[in-house]
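# Summary of the model geometry
Here is how the chains run, residue by residue.
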Amino acid sequence: MGAYLEVESAVYKTLLESTRAIPWKIDWAAARFAYIGPQIEGLLGWSQASWATVQDWVDRIHPDDRERVVQFCIAQSQAGVDHEADYRALTCEGDYVWIRDVVHVVRNEEGAVDSLVGFMFDISERKRAEERMLQLQGELTELSFRDGLTGVANRRRLDAFLDAEWAVACRERKPLSLVLADIDCFKQYNDHYGHLAGDACLRRVAGLLDTAAVRGLELLGRFGGEEFLMVLPGTDAAGALERATLCLARLAEADIPHGASAVAGTLTASFGVATLLPGPGDDLLALLETVDRCLYRAKQQGRNQVVASQSPLPSHA
Ligand SMILES: Nc1nc2c(ncn2[C@@H]2O[C@H](COP(=O)(O)OP(=O)(O)OP(=O)(O)O)[C@@H](O)[C@H]2O)c(=O)[nH]1
């Protein structure tokens, strides 16, 4: 019988030590490793003999994972609950490998914790795939908020940003300003230079407005075809007017030829500006309508100018 058991345990040992999972056993009272599979050396580089105490395990957990993992494993073990934990384990070369430790709590006849037995799995490959997936998801989210042609925020992002900033303005009693820019005679630009040149022109104007006028937590987005909206949270009417006037000047400085414009020999744009310190009964739609009306007036009055609500009309001729 003794010989039989010996053979049997040799078989189990061979089996355990030939798996990719690394078996281990911890004596709970002594807080010492009773056993760890020799595969550990292949994975982390530390010799089998170097895994003596629970502290050796703790010391080889990434500092950012250590407290979470150790507290969790101790609490689960004390409660007698089987558990698993993912963490980064230190290799003898100073790198980290993602490990999943699957732990079974063994109790003695009195029901107290006697030992912990478990397997360590190398899950680096899975973690890399997860991280890549998260990164791709982030990139996808980012792309879903970007206008494909110009690279600035798209309408969806603008709408979400507007809603959020409107809520902040209402709550904190802060002004919210909008600047709506529309390229002048853009149909003629397309007709004259071709649609692809029109696309390139839109990209250039978007970049120009973005660098000229958008700061900090503000946002420039493509509102429609050749219309761009600048959302300026916390900016008052004077500040918004100044910003639109700056855009007008930068566009003039850019000196982009427009051989078919009815306004000038170079590309120009018209700007509507509106500001509101939201009070009870105000709504965002009314602010958008106001800025749209101002833009319409700028077009009506000859284009290449800024029209702000309830402010003098700075003419740019
Ligand atoms: N190339 C290009 N053109 C676009 C794009 N989106 C809209 N447009 C063009 O923008 C032009 C807008 O024309 P209109 O609305 O008549 O405006 P406009 O010619 O600029 O006239 P005003 O705004 O009154 O000065 C149309 O010819 C559209 O085809 C785009 O993504 N690329």
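Residues numbered from 1 in each chain as written. Predicted model: local features only at pLDDT ≥ 70, side-chain atom pairs only at ≥ 80, totals over all residues. Heavy atoms only, no water.

### Considerations on the site of the ligand
So the rule is basically this: A cutoff of 4 Å decides nearness: a residue is near a molecule or strand if any of its heavy atoms lies inside that distance of it. In protein, a polar contact requires one atom able to donate a hydrogen and another able to accept it; more generally it is a pair of N or O atoms within 3.5 Å, and residues adjacent in sequence count only if both atoms are side-chain atoms. For the purposes of this entry, the term helix denotes a DSSP run of H or I that reaches at least four residues, the term strand denotes a run of E that reaches at least two, and both are numbered from the N terminus. Here the nonpolar group is Ala, Val, Leu, Ile, Met, Phe, Trp, Tyr, Cys and Pro; Asp, Glu, Lys and Arg are the charged ones; every other residue, Gly included, is treated as polar.
Close to the ligand lie 18 residues, the nearest being C185, F186, D199, R222 and R303. Contacts to the ligand include D199, whose side-chain N or O atom sits 2.7 Å from a nitrogen atom. Between the ligand and the protein, one listed contact pairs an oxygen atom with a side-chain N or O atom of K299 at 2.8 Å. Of all the secondary-structure elements, those providing two or more residues to the shell around the ligand are β6 (176-183), α7 (186-193) and α8 (195-213). Taken together, the residues that form the shell around the ligand break down as five nonpolar, five polar and eight charged.

### Some thoughts on the pairing of strand β8 (residues 227-233)
To keep things clear, this is the line we draw: Note on exposure labels: buried denotes an accessible area under 20% of the residue type's maximum, exposed denotes more than 50%, and partly exposed covers the range between, all computed with a 1.4 Å probe on protein chains only. By definition, two strands form a pair when at least two bridges between them are found by DSSP.
Of all seven residues making up β8, six are buried, and the element is well covered by its neighbours. Bridge count for strand β7 (residues 219-224) against β8 is five bridges, and the pairing is antiparallel. Of the residues in β8, the one forming a bridge with L219 is V231. A loop of two residues connects β7 with β8, the two strands running antiparallel in sequence.

### Side note on the domain arrangement of the chain
For clarity, the cut-off: Domain boundaries shown here were taken from an automatic or database domain assignment.
Segmentation of the chain into domains returns domain 1 (2-129) and domain 2 (145-308). Spacing between the C-alpha centres of domain 1 and domain 2 amounts to 61 Å.

### Considering the packing of aromatic side chains
Put simply, the rule is: Each aromatic pair joins two rings of Phe, Tyr and Trp (for Trp, the six-membered one) with centres within 6.5 Å, and gets the label stacked for planes under 30 degrees apart, edge-to-face for over 60, and tilted for any other angle.
The full count for this structure, using the stated rule, is five aromatic pairs. When the ring of W57 is compared with that of Y87, the centres are 6.0 Å apart and the planes differ by 80°; the resulting orientation is edge-to-face. Of this pair, W57 sits in helix α3 (residues 54-59) while Y87 sits in strand β3 (residues 83-90), placing them 30 residues apart in sequence. Classification of Y87 by relative accessible area gives buried; the value is 1%.

### Quick word on the sheet that holds β6
The criterion, for reference: Every angle, taken between N-to-C directions, lies between 0 and 180 degrees, and every axis is a line fitted to C-alpha atoms, over only the stretch in contact when it is a helix.
Strand order in the open sheet formed by five strands is β7-β8-β6-β9-β10, and the pairing between neighbours is mixed. Bordering the open sheet on either side are β7 and β10 (306-308), each of which pairs with just one other strand. The average angle at which neighbouring strand axes cross in this sheet is 20°, direction not considered.

### Examining the state of the cysteines
Filter applied, for reference: When two cysteine sulfur atoms lie within 2.5 Å, the pair is treated as a disulfide.
Across all of its chains, the model carries zero disulfides by this definition. The thiol of C201 is not disulfide-bonded; the next cysteine sulfur, from C185, is found 12 Å away.

### Some details on the nonpolar core
Formally: For our purposes a nonpolar core is just a set of buried Ala, Val, Leu, Ile, Met, Phe, Trp, Tyr and Cys residues, chained together by side-chain atoms within 4.5 Å.
Among the nonpolar cores identified, the biggest contains 31 residues, and V205, L209, F228, M230, L267 and F271 are the most heavily contacted of them. Counting residues per element, the ones that place at least two in this core are β6, α7, α8, β8, α9 (237-254), β9 (269-276) and β10. Within the second largest apolar cluster, 24 residues are counted, among which are I22, W24, L44 and A89.

### A closer look at unusual backbone geometry
Despite not being glycine, R173 shows a phi value in the positive range, around 55°. Non-glycine residue N304 carries a positive phi angle of around 50°. Tracing the chain through its elements places N304 in the loop between α10 (284-300) and β10. Exposure remark for N304: the relative accessible area of 13% places this residue in the buried category.

### Notes on a negative patch on the surface
Stated precisely, the cut-off is as follows: For patch building, the residue pool is restricted to those with more than 30% relative accessible area and no salt bridge; the joining distance is 9 Å between like charges and 5 Å between nonpolar side chains (Val, Leu, Ile, Met, Phe, Trp, Tyr). Only the protein chains shown count as cover for residues, and the accessible areas themselves come from Shrake-Rupley with a 1.4 Å probe. Here a salt bridge means any side-chain nitrogen of Lys or Arg lying within 4 Å of a carboxyl oxygen belonging to Asp or Glu. None of His or the chain ends enter the tally, which takes Lys and Arg as positive and Asp and Glu as negative. By convention, the point assigned to a charge is CZ for Arg, NZ for Lys, CD for Glu and CG for Asp.
A cluster of acidic side chains, namely D282, D283, E289 and D292, defines a negative patch on the protein surface. By the secondary structure assignment, D283 is in the loop between β9 and α10.

### As for the packing of α8 against α9
Inclusion rule: Comment on the angle field: the value is read as roughly parallel under 35 degrees, roughly antiparallel over 145, roughly perpendicular from 65 to 115, and oblique elsewhere. By convention the crossing between two helices is left-handed if the near helix lies anticlockwise of the far one by an angle smaller than a right angle, and right-handed if it lies clockwise. Between two residues, a contact is recorded if the distance between any of their heavy atoms is within 4.5 Å.
Interhelical geometry of α8 versus α9 gives an angle of 130° and a closest axis separation of 9 Å. Taken together, α8 and α9 sit at an angle that is classed as oblique. Both α8 and α9 take part in a crossing whose hand is right-handed. Note on element contacts: α9 touches α8 through R243, L246, C247, R250, L251 and A254, opposite R204, V205, L208, L209, A212 and A213.

### Side note on the pattern of salt bridges
Across all of its chains, the model carries 16 salt bridges by this definition. Between R100 and E84 there is a salt bridge, with its nearest N and O atoms 3.9 Å apart. Here the residue R100 occupies a position in strand β4 (residues 96-107), and E84 occupies one in strand β3, the gap between them amounting to 16 residues. On the basis of relative accessible area, R100 is assigned to the buried category, the value being 18%. What makes E84 partly exposed here is its relative accessible area of 45%. Overlapping salt bridges, with partners in common, bring together E84, D86, R100, K127 and E130 in one network.

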